[in-house]
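Secondary and tertiary structure notes
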Amino acid sequence: MYELEYQRPGSVAAALAAADADSAFLAGGMTLLPTLKMRLSRRSRLIDLSALDDLQGVRVTPSALIIGAMTAHVEVQDSAEVRRALPALAKLAGGIGDPLVRNRGTIGGSLANNDPAADYPAAVLGLGATVETNKREISAEQFFTGMFSTALDTGELITRVSFPLPRRAAYLKFRNPASRYAVVGVMVADTAQGIRVAVTGAGPCVFRVPSFEEALSRRFSADALRGLRVPSDGLNGDMHGSAAYRASLIGVIARRAVAMAAS
Ligand SMILES: Cc1cc2nc3c(=O)[nH]c(=O)nc-3n(C[C@H](O)[C@H](O)[C@H](O)COP(=O)(O)OP(=O)(O)OC[C@H]3O[C@@H](n4cnc5c(N)ncnc54)[C@H](O)[C@@H]3O)c2cc1C
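Residues numbered from 1 in each chain as written. Predicted model: local features only at pLDDT ≥ 70, side-chain atom pairs only at ≥ 80, totals over all residues. Heavy atoms only, no water.

This paragraph deals with the packing of aromatic side chains. Two descriptors summarise a pair of aromatic rings, namely the distance from one centre to the other and the angle between the planes of the rings. In total, this model carries one aromatic pair according to the counting rule given. Aromatic pair F143 and F144: ring centres 5.0 Å apart, planes at 90°, arrangement edge-to-face. For F144, a relative accessible area of 9% corresponds to the buried category. (Phe/Tyr/Trp six-rings, centres within 6.5 Å; stacked < 30°, edge-to-face > 60°. Buried < 20%, exposed > 50% of the residue type's maximum accessible area, 1.4 Å probe, protein only.)

Written out as structure tokens, the structure is:
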């Protein structure tokens, strides 16, 4: 680690006033602190968001589930409101990392980081959620721009995420047994915007699968996906699995997720 300044502002306005290109917002620190320690990133100021009550908590309206950016994974996992309104999201949150990570890690930190194997990006894209910041609303399609990159500007703060409530949805991942990150994770959702299928872990960035969505629009059944394949071109290949393996896994996990959502 190296010398840096630490601030814990008491309001969103104060946090934004402190933010510049040399600073970083600190959520649970699950990614940011190791990155700084390993000198993969360098910042001169950390702006701790933990005192900002405006960024906390879960709220359900008749049409949406709204989650504050500083809401920890364990709160989403355990929330009776989330379990009732969007059980697939509670399950997703409960499958993130281990208890320490779920106690400290936040939805805002996960989305801002946009790790290619993270779970929440699949939920945001698969459910057609909107990421709200201090200055705008960003659709899921526009938010994720590539590996570890998003549409966020320097100093832009995620305040909350709004998930439209689907008719039915399920999330399933084949996880890395050590980290629990997704080797492949699939969110399948039957939404007011149509059927949506979003895949994380398999590529450099979360993506949708139009061929699966079209097939499921005709018949929402696991059998509707039989014979369909995602091309392996451009998928991740590493010590956990080749691109071809991930391509095959997408079909398997997607079929199981559809069966879960349909049951
Ligand atoms: C061992 C381990 C296992 C994990 N396993 C999984 C897993 O299975 N699935 C999974 O999805 N994730 C996993 N994670 C990631 C974890 O879920 C965290 O969400 C992620 O590390 C981000 O951490 P954080 O919320 O503490 O954010 P931080 O580390 O504090 O911040 C991450 C980045 O987001 C920025 N940021 C934070 N909040 C905001 C905001 N409100 N607005 C704008 N920018 C912001 C920070 O400046 C920083 O750049 C794992 C992490 C670890 C360490």
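Turning our attention to the domain arrangement of the chain. Parsing the chain into structural domains produces domain 1 (1–47) and domain 2 (168–262). Computed over C-alpha atoms only, the centres of domain 1 and domain 2 are separated by 34 Å. (Domains from an automatic or database assignment.)

Turning to the sheet that holds strand β2 (residues 23–26), a few remarks are in order. Strand order in this open sheet of three strands is β1-β3-β2, and the pairing throughout is parallel. Two strands lie at the open edges of the sheet, namely β1 (5–7) and β2, each paired on one side alone. Taken over all neighbouring pairs, the strand axes of this sheet differ in orientation by 20° on average, direction set aside. In this sheet, strand β3 (residues 45–48) lies alongside β1 in parallel orientation, the contact comprising three bridges. Bridge pairing in β3 places Q7 opposite I47. (Pairing = 2+ DSSP bridges. Helix = DSSP H or I, 4+ residues; strand = E, 2+ residues; numbered from the N terminus. Axes fitted to C-alpha atoms, helices over the stretch in contact; angles between N-to-C directions.)

On to the pairing of strand β6 (residues 130–133), then. Where β6 lies against strand β7 (residues 137–139), three bridges are found, and the strand directions are antiparallel. Bridge assignment links T130 to a residue of β7, and that residue is S139. Relative to strand β10 (residues 158–164), β6 is paired through four bridges, and the arrangement is antiparallel. When the bridges of β10 are listed, T133 appears paired with I158.

A word on the layout of surface pockets. Size it by volume and the second largest pocket reaches roughly 240 Å³. Taken together, 14 residues form the lining of the second largest pocket, with A117, A182, D238, H240 and R246 sitting closest to its centre. In terms of residue class, the lining of the second largest pocket is built from six nonpolar, five polar and three charged. (1 Å grid on protein atoms, 1.4 Å probe; cavity = no way out; pocket = protein on both sides within 12 Å on 5 of 7 lines; lining within 4 Å. Points joined across faces, edges and corners; volume = space filled by probe spheres on them. Nonpolar A, V, L, I, M, F, W, Y, C, P; charged D, E, K, R; others polar.)

Another aspect to go through is the environment of L216. In this structure, L216 sits in helix α10 (residues 210–218). Spatially, the C-alpha atoms of L216 and V197 are 9.3 Å apart, while their sequence positions differ by 19 residues. Discounting chain neighbours no more than four positions away, the residues touching L216 are V188, I195, V197, S221, A224, L225 and V258. (Contact = heavy atoms within 4.5 Å.)

A separate point is the site of the ligand. The full set close to the ligand counts 31 residues, and F25, T31, L32, D119 and R180 are the nearest of them. Between the ligand and the protein, one listed contact pairs an oxygen atom with a backbone N or O atom of F25 at 2.6 Å. Y181 is positioned such that a nitrogen or oxygen atom in its side chain is 3.0 Å from a nitrogen atom of the ligand. Surface burial for the ligand is 88%, taken as the share of its 970 Å² of free accessible area covered by protein chains. Of all the secondary structure elements, the ones that give two or more residues to the shell around the ligand are β2, α6 (99–104) and α7 (107–113). Across the shell around the ligand, the residue classes break down as 15 nonpolar, 11 polar and five charged. (Near = heavy atom within 4 Å. Polar contact = N/O pair within 3.5 Å; in protein donor to acceptor, adjacent residues only side chain to side chain. Areas by Shrake-Rupley, 256 points an atom, 1.4 Å probe, with all protein chains shown as cover.)

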